[in-house]
Amino acid sequence: MANLKELRGRINSVKSTRKITQAMKMVAAAKLRRAQQQAEAARPYAERMARMLASLGQAVAGNPDAPKLLVGSGGDRTHLLIVVSGERGLAGAFNTNVGRFARNRIRELEAQGKTVKVLAVGRKGAAYLKREFASRIVGEVSFQGKKRVGFEEAQEIATRVTAMLEAGEFDVCTLVFNHFRNVISQVPTAQQLIPAELPAAKEAAEAPGEVGAWYEYEPDEATILAQILPKNLAIQIYRAILDSTAGFYGSQMNAMDNATRNAGEMINKLTLTYNRTRQANITSELIEIISGAEAL
Amino acid sequence: MATFNLELVSPEKLLLSRPVEMVIIPAAEGEMGVLPGMAPMIVALRGGVIQVQENGQITEKLFVMGGFVEITPARVTVLADEATPVAQLSRAEASARVREAEAAYNQAASGEAPEVREAAMDRLLAAREMETAAEAA
C-alpha cells in the first residue's frame, strides 16, 4: 500500500493542476466571448458584400473574360487548400480535427491525380500537416503573439492567394477551417473560394423590387468587380479565421472544463485511499498496543 | 424632409445605421450627393470624407479609405475598407501613412505594371486625403 506522505504529495499536485485548468477555463470563456463579438461585428459587412456580389455576378454571368477570381482559371488540376487552425494547443481535439479533415481531403484529391498545395494558417495545423505533407506546403501564416487578428491579416493572405492565382499556381482554392456551431461543437468545414460560389440569384429574388440587374455602375462593372472580388476573398478568409478563433476558445473551454472535472474525481479517489490507508495504519498500531498490553 | 436609411459598415464593425436626409460620398469619379429616391447604383469609393446630413445640417463626418456604395431608392449601404470618424483621426498617423504610400509609389513607379502603379497612386491619394481631413479636424 502506498505510503501516506506520497499520497499527500499527489493530492496536492492534482489540486494545483485543477487550479490551473480552472483558471484556463475562465480565461478561455472570456476570450470566447470576445471572439464571438468580433465574429458578430464582421457579419453585417459580409452580408452586404454577398448581396452586392450576387447582383454583380448576374451582370457578368456568361461573360467569357470575367475575372479569374470569379470563374477560376478554367482548369481543375492544382488545388490550393488554405487550412485554418489554432495557434496553441490544450484545446482538446480542435487542431487534430481540422488537421485530419485536411489530410483526408489531400489524400482524396491526390488519389484523383490532382496536385495539392497547402497554405497553413495557424501554427498547430502547420505542424500537424508537415509530418505527412511537408513538400506540399507552400506557405505558413502564424498569428502568434497577436492579441486579436484584424482584417489586415486576412487581407494579406488574400493578396498572396490572388498573386498565386495570377501566376497560375493553382486552379481551385478551398478554405478548410473549424466552423463554430456552438460552444461544444466545432465542425471541420471546407468552403470553395475560387472559382467563387456566388450567393445564388434566389436571394435577390427574395427581395422583390430589388432585382440586381437594374443597378447602374460607376465607373463600370468590370472595374468594380475587379475591386470587389479581392475584398470578398479577404472577408471570407477573415470570417473563417474569426469562426475558427471562436471555435478554438470554445474547444479550449470545454477541454479545460473536462480536465477540471477529472482532476476533481482524481482528488476524491486519492483522498479516499489516503483516509483508508491512514485508518489501516491506526488500526494496526492499536492492535500492536493492545496485544502488547495483553502480553504483560 | 424625406429620409432614407444609411448603413456604414467596415469589415470590423457596423458604424452607422439610421435614417438620414442626405449623404455626400467621395465616389471614384468625384464627390456625389445622394438624396432619397435615387436610382439604384453601385459605386466605387476613393479615400475621402463621407458627410451625413440630418435636419438640414451636416451631423457626421467619417473618413473612409476606399470601398463601395450600394444605392437603392430606399437605402444606401457603404462598404468601407476602413472608416474613422474625422474627429478621431490622428495627424501623426496620417502623415506616417502618406510617407509609407509615397515610398510604395516610388517603388512601384520604377518598372512595375501600370495597374500596380495606379493602385499605389490611389493609396497615396487616399492617404493625402486622410492627412487633409485630419488637419481640418
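Source: prediction; values computed, not measured.

*Asks:* Break down the overall build of chain A for me, with residues and values.
*Replies:* Per the secondary structure count, chain A includes 7 helices and 6 strands. What you see in chain A, going N to C, is helices and strands ordered as α-α-β-α-β-α-β-α-β-β-α-β-α. Taken over the C-alpha trace, chain A has a radius of gyration of 28 Å; the compact-globule value for 296 residues is 19 Å, which it surpasses by more than 25%. Burial statistics for chain A: of 296 residues in total, 32% are counted as buried. Within chain A, counting contacts between residues at least 6 apart in sequence, those at least 24 apart form 80% of the total.

*Asks:* An account of the packing of helix α5 (residues 151-166) of chain A against helix α7 (residues 221-295) of chain A is requested, with residue identities and associated values reported.
*Replies:* Each pair of packed helices can be summarised by the angle the axes make with each other and by the distance between the axes. Residue and element names in this part refer to chain A. Running from amino to carboxyl end, α5 crosses α7 at an angle of 125°, the nearest separation of the two axes being 8 Å. Classified by the angle their axes make, α5 and α7 are oblique. Of the two possible hands of crossing, α5 and α7 adopt the one that is right-handed. Taken together, the residues of α7 that come into contact with α5 (itself represented by Phe 151, Ala 154, Gln 155, Ile 157, Ala 158, Val 161 and Thr 162) are Pro 230, Leu 233, Ala 234, Ile 237, Tyr 238 and Ile 241. Residues belonging to the contact of α5 with α7 are distributed by class as follows: 11 nonpolar, 2 polar and no charged.

*Asks:* Outline the packing of helix α3 (residues 94-111) of chain A against helix α4 (residues 123-133) of chain A, supporting the account with residue identities and numerical values.
*Replies:* Residue and element names in this part refer to chain A. In the contact formed by α3 and α4, the axes pass within 9 Å of each other and the chain directions differ by 40°. The way α3 lies across α4 gives a crossing that is right-handed. Side by side, α3 and α4 meet where Asn 95, Thr 96, Val 98, Gly 99, Ala 102, Arg 103 and Ile 106 of the first sit next to Lys 124, Gly 125, Tyr 128, Leu 129, Glu 132 and Phe 133 of the second. A per-class count over the contact of α3 with α4 returns 6 nonpolar, 4 polar and 3 charged.

*Asks:* Pulling in residues and values, what's your account of the sheet that holds strand β5 (residues 185-194) of chain A?
*Replies:* Residues and elements named next belong to chain A. One open sheet accounts for 5 strands, arranged β3-β2-β1-β4-β5; its pairing is mixed. Of all the strands in the sheet, the pair left with one neighbour each is β3 (137-141) and β5. Direction aside, the axes of adjacent strands within the sheet are offset by 20° on average. Inspection of the sheet shows strand β1 (residues 78-84) paired to strand β2 (residues 115-121) by 7 bridges, in the parallel sense. Bridging across to β2, Thr 78 finds its partner in Thr 115.

*Asks:* An account of the environment of Gly67(B) is needed here, citing residue identities and associated values.
*Replies:* Residue and element names in this part refer to chain B. Tracing the sequence through the fold places Gly 67 in strand β6 (residues 57-71). Classification of Gly 67 by C-beta neighbours within 10 Å gives buried; the count is 27. Sequence-wise, Gly 67 and Val 78 are 11 residues apart; in three dimensions their C-alpha atoms are separated by 7.5 Å. Discounting residues that sit within four places of it in the chain, Gly 67 has contacts with Leu 45, Val 78, Leu 79, Ala 80 and Asp 81.

*Asks:* Could you give an account of helix α2 (residues 114-136) of chain B, with specific residues and numbers?
*Replies:* All names here are of chain B. Taking 1.5 Å per residue, 23 residues should reach 33 Å; α2 reaches 33 Å between its end C-alpha atoms and fits that length. Inspection of α2 places Ala 120, Arg 123, Leu 124, Ala 126, Ala 127, Glu 129, Met 130, Ala 133 and Ala 134 among the buried residues, and these make up the whole buried set. Contact partners of the buried residues in α2: β5 (41-54), β6 and α1 (91-109).

*Asks:* I'd love a proper account of the nonpolar core, names of residues and values included.
*Replies:* Membership of the largest hydrophobic core comes to 102 residues, with the highest contact counts inside it found for Ile82(A), Val83(A), Ile237(A) and Phe68(B). By residue number, the principal contributor to this core is α7(A), which donates 18 residues. Leave out the neighbours within four places in its chain, and Phe68(B) touches Met52(A), Ile224(A), Ile228(A), Ile42(B), Val43(B), Ala44(B), Leu45(B) and Leu79(B).

*Asks:* Requested: an account of the environment of Leu233(A), with residues and values cited.
*Replies:* Residue and element names in this part refer to chain A. In this structure, Leu 233 sits in helix α7. Taking the C-alpha atoms as reference, Leu 233 lies 8.9 Å from Thr 159; in sequence the two are 74 residues apart. Every residue in contact with Leu 233, bar those within four places of it in the chain, is listed here: Leu 69, Ala 158, Val 161, Thr 162 and Leu 193.

*Asks:* Could you give me a rundown of the confidence of the model for chain A, with the residues and numbers involved?
*Replies:* Residue and element names in this part refer to chain A. Summarising the model, chain A shows a mean pLDDT of 86, and 91% of its residues fall at 70 or more. Confidence, read as mean pLDDT per element, is least for helix α6 (residues 201-206) in chain A (46) and greatest for α3 (93). Segment residues 201-212 is flagged for pLDDT under 50; beyond a separation of four residues in sequence, or across chains, it makes 13 contacts in the model.

*Asks:* Mind laying out the environment of Ala96(B), listing which residues take part and the relevant values?
*Replies:* With respect to the helices, strands and loops of the structure, Ala96(B) is situated in helix α1. Along the primary structure Ala96(B) and Glu131(B) are separated by 35 residues, whereas in three dimensions their C-alpha atoms are 9.4 Å apart.

*Asks:* Give a description of the interface of chain A and chain B that names residues and reports values.
*Replies:* Listed per partner, the contact involves 21 residues of chain A and 20 residues of chain B. Of all elements in the fold, only α1 (4-60), β6 (216-218) and α7 of chain A reach the threshold of two or more residues within the side of chain A that touches chain B. Here the element with the most residues in the side of chain A that touches chain B is α1(A); it accounts for 7 residues. Of the residues belonging to the side of chain A that touches chain B, the class tally is 15 nonpolar, 2 polar and 4 charged. Here β6(A) pairs with β5(B) via 3 bridges, running parallel. Paired with Glu218(A) across the strands is Val43(B), a residue of β5(B).

*Asks:* Outline the confidence of the model for chain B, listing residues and values.
*Replies:* The predicted model of chain B averages 85 in pLDDT, with 99% of residues at 70 or higher. In the predicted assembly, ipTM is 0.79 and pTM is 0.83.

*Asks:* Describe the pairing of strand β2 (residues 13-20) of chain B, listing the residues and the values that go with them.
*Replies:* Residues and elements named next belong to chain B. The pairing of strand β1 (residues 4-10) with β2 spans 7 bridges and is classified as antiparallel. When the sheet's bridge partners are listed, Ser 10 is paired in β2 with Lys 13. Linking β1 to β2, which pair antiparallel, is a turn of 2 residues.

*Asks:* Before we move on, can you summarise unusual backbone geometry with the specific residues and values?
*Replies:* In this chain, Ile194(A) is followed by Pro195(A) through a cis amide linkage whose omega measures -5°. Even without being glycine, Leu90(A) reaches a positive phi, approximately 55°. A tally of 15 C-beta atoms within 10 Å means that Leu90(A) is categorised as partly exposed. Backbone geometry places Asn55(B), a non-glycine residue, at a positive phi of 45°. Looking at the element boundaries, Asn55(B) is found in the loop between β5 and β6.

Procedures and definitions
- Residues numbered from 1 in each chain as written.
- Chains lettered and ligands numbered in written order.
- Predicted model: local features only at pLDDT ≥ 70, side-chain atom pairs only at ≥ 80, totals over all residues.
- Helix = DSSP H or I, 4+ residues; strand = E, 2+ residues; numbered from the N terminus.
- Rg over C-alpha atoms; globule rule 2.2 N^0.38 Å.
- Buried ≥ 20, exposed ≤ 12 C-beta atoms within 10 Å, placed from the backbone.
- Contact = placed C-beta atoms within 7 Å.
- Axes fitted to C-alpha atoms, helices over the stretch in contact; angles between N-to-C directions.
- Parallel < 35°, antiparallel > 145°, perpendicular 65-115°, else oblique.
- Left-handed = near helix turned anticlockwise from the far one by under 90°.
- Nonpolar A, V, L, I, M, F, W, Y, C, P; charged D, E, K, R; others polar.
- Pairing = 2+ DSSP bridges.
- Expected span 1.5 Å × (residues − 1).
- Core = buried A, V, L, I, M, F, W, Y, C linked by C-beta atoms within 7 Å.
- pLDDT = per-residue confidence, 0-100.

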